[in-house]
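# Fold and geometry: a report
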Amino acid sequence: MMDVLQHMSSGILPSNSSSLIQPIMQGATSLFLLGSFAFQTILGLPGASQARREGQLLKRAVDTFIATEEPIALEQLLCNIGSSGCHAAGASGGVVVASPSTSDPDYFYTWTRDSALVFKTIGDRLANSYDATLQTEIQNYIVAQAKLQTVSNPSGSLSDGTGLAEPKFNVDLSAFTGSWGRPQRDGPALRAIALIGYSKWLVANGYNSTALSVVWPIIRNDLAYVAQYWNQTGFDLWEEVSGSSFFTVASQHRSLVEGSVFAKTIGQTCTACDAVAPQVLCFLQSFWSPSGGYALANININNGRSAKDVNVILGSIHTFDPALGCDAATFQPCSDRALSSHKVVVDSFRSIYTINSGISAGSAVAVGRYPEDTYYNGNPWYLNTLAAAEQLYDALYVWQTQGSITVTSTSLAFFRDFSSSVAAGTYAAGSETYTTLYNAVYLYAEGFVNIVSQYIASNGSLAEQFDRNSGTPLSARDLTWSYASFLTAAARRAGIVPAGWAGTASSATSVPSVCSATSQAGSYAAASSTSFPASQTPVTTGASTTTTFTRPTVTASTTTTSTGSCTTPTAVAVTFNEFKTTTFGQTVKIVGSIAALGSWDTSKAVALSASSYTSSNPLWKATVTLPAGQAITYKYIIVNTDGSVTWESDPNRSYTVPRTCASTATESDTWR
C-alpha cells in the first residue's frame, strides 16, 4: 500500500461476461416518454399551463409507482438477510447476501460495504418508525459484525486492524480466500456509521449501557482502522481501481467526525478521530477539479478514465447532513460543487446509452457507473439512477428549510438547464426565480425515479443493471443494494431525513490551511459482549433521531394576499394521514371532488405512501397542494392486487383547506 499524499498506484480487475435475467420491464404506469416533453415545457415550451399539467402527470405516475414498489422493496431486501430470509438459505443471522444470484454473476457473498449501507437504511427506517422486526435484524447484524471483525482473511487480521478492510466474506462468516480487489477501505467507515446510527437510537431511548457495552467496541475498532489507514491507497467501491476514492474518503471523514461526537454521548473519547478528521477533510478537497467543474471519482491513479463517476453522487448522499446546508467542503448535495458534479456525471451518460437517446440536458436519463464502463457491456444501474434522484431530493430539503436557493458561478451550468437566463445570486423562497428553479429540480428528480419505474421488472424486483439498449434487467437479480437505494430515495421524497452527523464539531467543515498525512496507530480488540437485553422498545421521552419536513412538491404560485401581520399563501400543502391495516400488494389511495384528487375517478386517485407503515402503526400518507380556502369532499379507497377497488363506507368526508399564515396542514383519518 502507498501513502496517498505522496504516491500514485493503479489496478483494474477483469470484467465478467454478460447475462440476462428473466423478468421484463414495466411499462404500464410509466410516463417516461412523457417526461422529456414535460421538462421541455417547464423551460417555456409550449406554455406554463401545459407544463403544470405535464408535471402533475409525472408526479402522479411516480406517486403510484412508489406506493406499489415500496412494500416490495422492503420485503425483498429482508429476504436477502440471513438466517431466515427467503433468498438467504445458508447465511448466518444478520448477514446481508448481496444477491441470490449464484452464477453469471455469483454474488452469493456478503460485502462489508453493501451490508453497512443496507443496515444504515434499515436503521434510519427504525428511527423514523419503530418496528420490532427491523430491530431484531439490526441486532443480528451487529452480532454478526462483531464476529466478522475477528475472522482472519487475505487482507490481514484484527490484531493490527488490517483484516477489517477485507471486502467480502462467505455468507457463513468464513473468509473468502479467492483473488479479489483488496483492501477496500470504505467498509470500516461505513460499518461504523451504520452502527452509530442504531447506537444513537439506543441512547435516545435511554439504553446507554447497551450502546456502550455491546455496540461501541465494534465501532471503536472501525474508527481506529480509519484513523490509522485512511492515508493509504485501496480499491474503490466498484472494486476495479486501486488508488484514492472520493466515496471512500468522504465516508472516512464522516465516520471520524460522527464517531467523536457519538463517543462523547456515552462518556467516551476518540482522540484519534479528532486529530485525523481535519486532515481527511483537507485531502477530500484534492478531488475537486475546478477546470472540469466536477469532483474526480479517483485520484492517485492513471487508468485513462475521465474520473466522471456516480461514485461522487453516492458519496454526497451518504454524507448528507441537513444541518450543514449547502456546505461545499463536505460536498453536501445542494452545494455548488455537488450540483455541478451531478450535471457532469449525469450528462456523461446522455449520448452513450440507446435508451437515453434524444433526451436533452435538464431531463432525467438512466445513469450508470462511469462512461467508460465495460462490465456486462457497461449499463445503467438502478441504484445509480435512484442516487441521482436522491441527491436532488436532499437539495430540495435544504432549500425548503433555509428558504432560499443560491446559484454560484460553479453551479450556474446546472441551474441554466432549467432557466437559461438565471444569474449567480441568492433567490428567496416566494420569488419567481426560486419557484422556477425549485419546481424544475423537483420534476427533474421525479424523472429519475420514473425511469426506474419504466425499466424495473414486471414483478417489482430490482436487479443490479438494466440493458443500455433495451432496458431489460440484467446481471445479478434482486440486488440488496438496489432495494436499499429505492427505499432511501423514496424516504427523502416523502420528507423523511435522517439525523445529521456533524454535531458542533469544527472538524466537520473547517478545512486546515495545510494538509498533513497525519495518522494514528490504533489498538484493536474483539468485542466481548455480543448479546442484547430483551424488550428495548422506544420510550416516549426519547429524543427523535430523524428529521421530517414537508414533502417536496411543486411550489405554489407566488401570488399572495396580506392578512394581518403575515402573508397568506394562495396554496397549502395538505398531508392526508390514513390509518388502515392492509395486506401485501394493496395500496391505499384518496379520491375526491376536485381534479387534484381525481374528480371521483378512481383511476386518477392519489396514491398514499406506506413509508411509515408498521404493523402497530398502519399509517398511509400523501401530501397534496390545494388552494387555500377550498372546500372538498373525499374518500379513501383500497386498490387490490387484481386492480379491483374497495371503497370505505359512507358518508363522504368533508374538508376545507385552511386560509391562514401557514403553508402546510394535516388531516388525519381512520378507515371506516
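Please read all numbers here as calculations on a predicted model, not as lab measurements. Throughout, residues of each chain are indexed from 1 in the direction in which the sequence is written. For this predicted model, a pLDDT threshold of at least 70 governs which residues receive local features, and a threshold of 80 or more governs which side-chain atom pairs are given and counted, while totals over whole chains, interfaces and linings are taken from all residues. To obtain the side-chain values, all non-hydrogen atoms of the structure were included, while hydrogens and water were left out.

## Comments concerning the state of the cysteines
Put simply, the rule is: A pair of cysteine sulfur atoms is labelled a disulfide when the two atoms are within 2.5 Å. For the exposure calls, accessible area comes from a 1.4 Å probe over protein chains only, and a residue counts as buried if that area is under 20% of its type's maximum, exposed if over 50%, partly exposed in between.
Under the counting rule described, the total for this entry stands at four disulfides. Note on cysteine connectivity: Cys 270 is disulfide-linked to Cys 273, with sulfurs 2.0 Å apart. In this structure the cystine formed by Cys 270 and Cys 273 twists about its S-S bond by roughly 65 degrees; its chirality is therefore right-handed. The class of Cys 270 is buried, set by a relative accessible area of 10%. For Cys 273, a relative accessible area of 1% translates into the label buried. The disulfide partner of Cys 282 is Cys 515, and the S-S distance across this bridge is 2.0 Å. Across the S-S bond linking Cys 282 and Cys 515, the dihedral sits near -95 degrees, which makes this disulfide left-handed.

## Observations concerning the nonpolar core
The criterion, for reference: By nonpolar core is meant a set of buried Ala, Val, Leu, Ile, Met, Phe, Trp, Tyr and Cys residues that side-chain atoms within 4.5 Å join together. Put simply, DSSP marks the helices as runs of H or I at least four residues long and the strands as runs of E at least two long, and each gets a number from the N terminus on. Residue contacts are counted whenever heavy atoms from the two residues lie within 4.5 Å of one another.
Counting 155 residues, the largest nonpolar core has Leu 314 and Trp 399 as the members making the most contacts within it. By residue number, the principal contributor to this core is helix α13 (residues 432-455), which donates 14 residues. Excluding residues that lie within four positions of it along the chain, Leu 314 makes contacts with Leu 237, Trp 238, Phe 247, Leu 383, Asn 384, Ala 387 and Trp 481. With 23 residues, the next largest nonpolar core counts Phe 576, Val 588, Leu 597 and Val 606 among its residues.

## What about the pattern of salt bridges?
A side chain of one charge can pair with a side chain of the opposite charge if their charged atoms are brought near each other. What counts is decided by this rule: Any carboxyl oxygen of Asp or Glu that lies within 4 Å of a side-chain nitrogen of Lys or Arg is treated as forming a salt bridge with it.
Enumeration over the complete set of coordinates arrives at 25 salt bridges. A salt bridge links Arg 369 to Glu 240, with the shortest nitrogen-to-oxygen separation between them at 2.9 Å. Remark: Glu 240 occurs in the loop between β3 (234-235) and β4 (242-245) and Arg 369 occurs in the loop between α10 (336-347) and α11 (382-402); sequence separation between them is 129 residues. Glu 240 shares its class with Arg 369; the two are buried. Where Asp 373 meets Arg 369, a salt bridge forms, and the shortest distance between an N and an O atom there is 2.8 Å. Judged by relative accessible area, which is 6%, Asp 373 ranks as buried. Look at the salt bridges and you will find they share partners, linking Lys 59, Asp 63, Glu 446 and Arg 493 into a network.

## As for the confidence of the model for the chain
In low-pLDDT segments, the atomic positions of the prediction should not be examined closely. As a reminder, the rule being used: What pLDDT expresses is the predictor's confidence in each residue, scored from 0 to 100.
The share of residues in the chain with pLDDT of 70 or more is 88%, and the mean pLDDT across the chain is 88. Segment residues 1-46: pLDDT under 50, and 138 contacts once partners within four positions in sequence are set aside and those in other chains are kept. Here residues 541-550 scores under 50 on pLDDT; set against residues more than four positions off or in separate chains, the count is 30 contacts.

## A word on the packing of aromatic side chains
Cut-off, in case you're wondering: Stacked, edge-to-face and tilted are the three classes for Phe, Tyr and Trp ring pairs, Trp counted by its six-membered ring, which pair at centre distances within 6.5 Å; planes under 30 degrees apart are stacked, over 60 edge-to-face, the rest tilted. Whether a charge sits over a ring comes down to the Lys NZ or Arg CZ being within 6 Å of the ring centre and within 35 degrees of the ring normal.
Taken as a whole and judged by the stated rule, the model has 36 aromatic pairs. Residues Trp 600 and Trp 647 carry aromatic rings whose centres are separated by 6.4 Å and whose planes lie at 35 degrees to one another, so their mutual orientation is tilted. With Trp 600 in the loop between β17 (587-592) and β18 (606-607) and Trp 647 in strand β21 (residues 645-647), this pair connects stretches of sequence that are 47 residues apart. For Trp 600, a relative accessible area of 30% translates into the label partly exposed. Assessed through its relative accessible area of 37%, Trp 647 is described here as partly exposed. The rings of Trp 230, Phe 246, Phe 283, Phe 287, Trp 288 and Phe 331 are connected pair by pair, giving a single aromatic cluster. Over the aromatic face of Phe 176 sits the side chain of Lys 168, whose NZ or CZ is 4.2 Å from the ring centroid. When the ring centre of Trp 180 is taken as reference, the NZ or CZ atom of Lys 168 above it lies at 3.5 Å.

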